[in-house]
Every structure is written in structure tokens, then in C-alpha cells.
Amino acid sequence: LMEQLANIAMRQLLDNEGFEQDRSLPKLKKKSPKKVSALKRDLDARAKSERYRALFRLPKDEKLDGHTDCTLWTPFNKMHILGQMFVSTNYICFTSKEENLCSLIIPLREVTIVEKADSSSVLPSPLSISTKNRMTFLFANLKDRDFLVQRISDFLQQTTSKIYLDKNISGSYISSDDEVFTRSSSLISASPHKSLSSESEGERQFNLNDNGIPTATQALMTMYRRRSPEEFNPKLAKEFLKEQAWKIHFAEYGQGVCMYRTEKTRDLVLKGIPESMRGELWLLFSGRF
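Because the structure is a prediction, the values reported are computed rather than measured. (Residues numbered from 1 in each chain as written. Predicted model: local features only at pLDDT ≥ 70, side-chain atom pairs only at ≥ 80, totals over all residues. Heavy atoms only, no water.)

A.B. asks: Sorry if this is basic, but what is going on with the sheet that holds strand β4 (residues 103-107) here?
C.D. replies: Hydrogen bonds between backbone atoms are what pair the strands of a sheet, whose relative direction is either parallel or antiparallel. Taking strand neighbours across the sheet as the criterion, the 7 strands line up as β4-β3-β2-β1-β7-β6-β5 in an open arrangement whose pairing is antiparallel. If you trace the sheet from one side to the other, it starts and ends with β4 and β5 (111-116), each paired once. The mean angle between the axes of side-by-side strands here comes to 30°, regardless of whether they run parallel or antiparallel. Judged from the 5 bridges that link them, β5 and strand β6 (residues 127-131) form a sheet pairing that is antiparallel. Among the inter-strand pairings, K116 is bridged to a residue of β6, identified as L127. (Pairing = 2+ DSSP bridges. Helix = DSSP H or I, 4+ residues; strand = E, 2+ residues; numbered from the N terminus. Axes fitted to C-alpha atoms, helices over the stretch in contact; angles between N-to-C directions.)

Written out as C-alpha cells, the structure reads:
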């Protein structure tokens, strides 16, 4: 108990550069064993939440609600992987028993449907979760499935109402941004550069005059463009191969926050992230989603 309290105090000093009393901890009085057990229970819950946040790199205020053993159907290798499902206020997460085999992070803001699937001898107590990017995750072998579905539904309702409230608060700003965006997009579509670029990509357009002789509508230098030396640069070729590897990976394991994270994902990150995908992949793997 003293070790846990000391760790919390040191973490506060490191994070906040100062010490503030934690009001959420129960106050202890002399000769009150019930208060001690409540404090111990609270500290144990905090320790579990910290391990949960560290494992999936979640925000600092995320609190673990519970976890349960289950299996996950993985379409990329057509297997049922044994692991644990974790449920918190804003996330549903999964990690396999075998280290680095597969993990999942599903923000509740991305979830559209949570429903119980039909049970069978092969797939007992299954649960299906669908997301906005049209991915469906199938969990099975769940204990207390009804309670779990109800708990997720409650958190989902809170998330939906929170998003709706945020939209109402920032509605005027969003509408003004939309207007700017539509104006800029209309300007882009009206710009003559688009037609030039499309023609320069290999679409050769000719006009037929009265004599029946085809006449080019653009300069021959544009039609028969010489490739620049940079296009044969080995560095650019390496970047192109990295991009193709990630595109193949996305096609097999999904794209976005809810993708299946496996050892292959880790290997691709270690080989280097292509420049064109740095922004997207940094957000995915740095815990900033």
C-alpha cells in the first residue's frame, strides 16, 4: 500500500512539476479497516488502468472498466485467436495471449453496431462489432455476454451524446469551415491546371480540321515528356517500394485506427515509414488517436 502511494506521488511530481492532493482517494481515519480496504481496492484499480493505458497507448484519463477472456476471428490467417478483451469508457481493445500475435484498438466513436451473433458449437457466445470504415470484428467464447453487450451499449450511448454535444458547441465554427472548404474546392475545380495535368498524364487530345489532319492541342514537349533524373533515383525507388508494402498491408489487415496490429505491422514500422504516409501512420502508432 505504501509502495503504491509513493509511486502515485512521484508520478504526480514528474508529470505536473508540483504536488497536488488527490481528492479522489478516500480519507483514512484511525482504526478503520474498511477505509483501508477501500483505498487498497482503489489503488489496485488505478494500477490496472495504468497497465491498460500503457499496453494500448491510450489517453491518460482513460479508466479500465473490466476485461474478459475471449477469442477473435482474424480473417488474414482465418484463425480464432485466444486473448483478452478490455472495455473502458471510450475504447474496446484486444490482445492475444501469444505476444505480438495480434492486437486491436477500437475507439467507441468509430463503432456503429454491437450485436450478438448466433451461437454454435464452433463459435459459442459470439459478439459482432462493426465500425464506420466497414470493418467487422467477431469475438467469441465470452462469459456474461449479455452483461458485456449492455455495458458497451451504455458507453456507446455516452460517446454518441458527447460527440453530439461537441458538435452543437462548435457548430458555428464547423459551418464556417465547411463554407471555406466548399469555396476552395469550387475554386480548385474551376482552375485550368486540372485539365492541363490530366492531359499531361498521357491523354493525347487531337482536333480534326477540314483537311482531316490531326492537330495536337498541346506542345509536343508536354506530350513526349522526358523523365527527369530524379525519377531514377534509388532513394525514390525505395520510398515507392515502402508505399507499396504498406498498401498491401492495409488491404490485408485493414486501414485506420481499427486495423489488425500484428508482428508484420511492427516489422514494417521498423523498416521505415514512407514520407507520404508519415502523418497518417504517426497518428496511428504514437498513441495520438
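A.B. asks: Help me out: how do you make sense of the pattern of salt bridges in this one?
C.D. replies: Where charged atoms from two side chains of opposite charge approach closely, those side chains can pair. All told, the structure shown has 7 salt bridges when counted by the stated rule. The partner of D65 in a salt bridge is R151, and the shortest N-O contact between them spans 3.0 Å. Highlighted residues: D65 in strand β1 (residues 64-74) and R151 in helix α3 (residues 145-169), separated in sequence by 86 residues. Taking relative accessible area as the criterion, R151 reaches 29% and is therefore assigned partly exposed. (Salt bridge = Lys/Arg side-chain N within 4 Å of Asp/Glu carboxyl O. Buried < 20%, exposed > 50% of the residue type's maximum accessible area, 1.4 Å probe, protein only.)

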